[in-house]
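# Observations on the model geometry
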Amino acid sequence: MTNLPTPSRTIIGTRTSTMAMTQAAHVASLLKDAHPALATHFAEITTTADRHTGPLDTVGGKAAWVRELDQALIQGRADITVSCAKDLPGPHERSSLVEIGAVLTRQDPRDALVLPAGTQPTTLAELPAGTIVGTIAPRRTAQLRARHPHLTVTPMRGNLDSRIARLDAPGTAPRLDALVVSHAGLQRIGFADRAAEVLPVDDFLPATGAGFVIVEHRAGDALAAQLLAAVNDPAAARLLRIERGVLGALGGDCHTACSVHAAYDEPGTHVRVEAFVFSPDGEHSVGTTVVQPVGDDQVVVDRVAQQLHDRGAEELLSAG
């Protein structure tokens with residue numbers, strides 16, 4: 001492929017939350033290291049999900065997080081955009097006019113328990129019966145109901161810092177006693193010390209795409225693709241491609257209570273994929289674990305999807 005001349009600047013489209021701006025600044029720093037002559041500018045974008053306070057399914061599901069970002073790319077108001085991979089709609093729901101140009105090195109994919117400021121650290125299992133735990137994620141809701149039925153789960157969405165501020169506000173109605181959130185998200189906004197318990201992957205399965213930050217560009221934009229190739233982590237990109245491939249094979253959407261988590265073994269020669277689908281109430285689940293030599297990612301995706309299909313995943317998915 002012919003090397004194209006490096007542009008003098010690039011415009012990074014980003015949401016305006018603390019986490020989104022931190023992620024965009026990190027991408028700008030990586031690009032500056034890779035291309036010292038490149039100037040970066042930010043296009044701050046408010047998305048439908050930022051404006052809407054109710055359930056996402058009423059505004060198009062997870063597409064509400066990226067719809068305006070995609071429009072900025074397609075209309076030329078941004079050259080690249082930065083997002084959390086777990087917030088993306090499944091690959092079967094994404095616009096063909098936008099493509100992933102870089103996957104950054106994965107951060108911690110685990111979830112974490114957050115308690116009100118000043119509360120002594122404890123664990124989910126040790127929380128008193130009736131403790132009200134906030135989350136909007138079907139995957140978290142199902143696992144909390146299955147593993148910790150003594151807790152009460154209540155819907156809670158919004159930017160991570162605003163959710164924590166809501167938790168810390170004494171006497172605010174409706175009552176909220178705890179949150180389960182992304183551990184990587186806490187780290188990105190400088191709140192790592194708020195994790196009262198980091199939930200092991202073996203006990204509490206993470207979101208598909210958890211811990212990944214991705215950078216997208218207009219489909220066919222060879223210049224943007226060349227810029228982003230310098231900051232892409234191919235090993236991380238493979239894991240994300242497998243996780244999202246299984247999600248796509250399942251037809252997963254914002255209602256889907258499922259987890260697909262891929263990781264390398266210690267020598268890095270094999271990929272281990274754990275995938276589970278839960279009923280919304282957490283009472284039923286089907287899952288599988290596949291270990292495959294690093295190679296054809298689609299082979300791994302097909303094996304995992306077929307095993308979930310054979311074990312009745314579709315029945316649970318339709319129940320959502």
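Residues numbered from 1 in each chain as written. Predicted model: local features only at pLDDT ≥ 70, side-chain atom pairs only at ≥ 80, totals over all residues. Heavy atoms only, no water.

### Observations regarding the pairing of strand β12 (residues 270-278)
Note the cut-off: Should DSSP find at least two bridges between two strands, the strands are regarded as paired. In this text, helices come from DSSP runs of H or I with a minimum length of four residues, and strands from runs of E with a minimum of two, each type numbered from the N-terminal end.
Sheet topology places strand β11 (residues 258-264) next to β12; 7 bridges connect them, and they run antiparallel. Across the sheet, residue S259 finds its bridge partner in β12, namely F276. In this structure, the hairpin formed by β11 and β12 is closed by a connection of 5 residues, where G268 is found at a positive phi of approximately 80°. Where β12 lies against strand β13 (residues 285-293), 9 bridges are found, and the strand directions are antiparallel. Along β13, the bridge assignment pairs R272 with V291. In this antiparallel pair of consecutive strands, β12 and β13, the connection spans 6 residues, and G282 shows a positive phi of 80°.

### Some thoughts on the sheet that holds strand β10 (residues 213-218)
The pairing of strands in a sheet happens through backbone hydrogen bonds and is either parallel or antiparallel. The criterion, for reference: Every axis in this analysis is a line fitted to C-alpha atoms, fitted for helices over the stretch in contact. Angles between the N-to-C directions lie between 0 and 180 degrees. Contact criterion: two residues are considered in contact whenever any of their non-hydrogen atoms come within 4.5 Å of each other.
Spatially, 5 strands are ordered β2-β1-β3-β10-β4 in an open sheet, and the strand pairing comes out mixed. Here the strands that pair on one side only, and so sit at the sheet edges, are β2 (39-44) and β4 (98-103). For this sheet the average axis-to-axis angle between neighbouring strands, irrespective of direction, equals 35°. Bridging between strand β3 (residues 80-84) and β10 involves 5 bridges; their strand directions are antiparallel. Note on β10: the bridge partner recorded for S83 is I214. Along the sheet, helix α3 (residues 63-74) contacts β1 (9-14), β3, β4 and β10; its crossing angle with β3, the most-contacted strand, is approximately 165°.

### Details of the side chain of H148
Let me state the cut-off plainly: Accessibility here uses a 1.4 Å probe with only protein chains present; expressed as a share of the type maximum, an area under 20% marks a residue as buried, one over 50% as exposed, and anything in between as partly exposed.
Mapped onto the secondary structure, H148 falls in the loop between α4 (138-147) and β7 (152-154). With a relative accessible area of 14%, H148 lands in the buried category. In this structure, H148 is in contact with L124, A125 and Q143, ignoring residues within four places of it in sequence.

### Comments concerning α4
R139, R140, T141, A142, Q143 and L144 are the residues of α4 that are buried. Packing partners of the buried residues in α4 comprise β5 (111-114), β6 (132-134), β7, β8 (178-182), β11 and β12.

### Focus: the packing of aromatic side chains
Centre distance and the angle of the planes are the two values used to describe a pair of aromatic rings. Operational definition: Here the aromatic set is Phe, Tyr and Trp, taking the six-membered ring for Trp, and pairing holds for ring centres within 6.5 Å; pairs whose planes are under 30 degrees apart are stacked, those over 60 apart are edge-to-face, and all others are tilted.
Across all of its chains, the model carries 1 aromatic pair by this definition. Aromatic side chains F276 and F278 sit 6.2 Å apart centroid to centroid with 20° between the ring planes, which places their arrangement in the stacked category. Looking at F278, the relative accessible area reads 4%, which means it is buried.

### Considerations on the pattern of salt bridges
The condition that has to hold: Within this document, salt bridges are pairs made up of a side-chain nitrogen of Lys or Arg and a carboxyl oxygen of Asp or Glu, the two lying within 4 Å of each other.
Applying the stated criterion across every chain yields a total of 14 salt bridges. Across the salt bridge formed by R94 and D70, the nearest N and O atoms sit 2.6 Å from each other. One end of the pair, R94, is in the loop between β3 and β4; the other, D70, is in helix α3, and 24 residues separate them in sequence. Using a relative accessible area of 7% as the deciding quantity, one classes D70 as buried. Through salt bridges with shared partners, one network takes in D70, R94 and E216.

### Re the sheet that holds β8
Across the sheet, 5 strands lie side by side as β7-β6-β8-β5-β9; this open sheet has mixed pairing. Each edge of the sheet is formed by a strand with only one pairing partner; in this case those strands are β7 and β9 (195-198). On average, each strand axis in the sheet is inclined to that of its neighbour by 30°, with strand direction left out of account. Bridge count for β5 against β9 is 3 bridges, and the pairing is antiparallel. Bridge pairing in β9 places V114 opposite A195. The sheet contacts of α4 involve β5, β6, β7 and β8, and relative to β8 the element is tilted by about 130°.

### Section: the nonpolar core
If you look at soluble globular proteins, the nonpolar side chains tend to sit buried side by side. Convention followed: To form a nonpolar core, buried Ala, Val, Leu, Ile, Met, Phe, Trp, Tyr and Cys residues must be joined to one another through side-chain atoms within 4.5 Å.
Residues V273 and V304 are the most contacted members of the largest nonpolar core, which totals 40 residues. Sorting the residues of this core by element identifies α3, β4, α8 (234-250), β11, β12, β13, α9 (297-310) and α10 (313-319) as the ones contributing at least two each. Per element, the largest residue contribution to this core is 8 residues, and it comes from α8. Setting aside anything within four residues of it in sequence, one finds V304 in contact with V246, V273, A275, T288 and V290. Counting 16 residues, the second-largest nonpolar core is a separate cluster that includes I12, V27, V82 and A224.

### Considerations on helix α1 (residues 18-34)
Side chains that are three or four residues apart share a direction in an α-helix, a result of its 3.6 residues per turn. The condition that has to hold: A helix's residues, less one, multiplied by 1.5 Å, set its expected span.
The terminal C-alpha atoms of α1 lie 25 Å apart, and with 17 residues this matches the ideal 24 Å at 1.5 Å per residue to within 8%. Buried residues of α1: M19, A20, Q23, A24, V27, A28 and L31, and no others.

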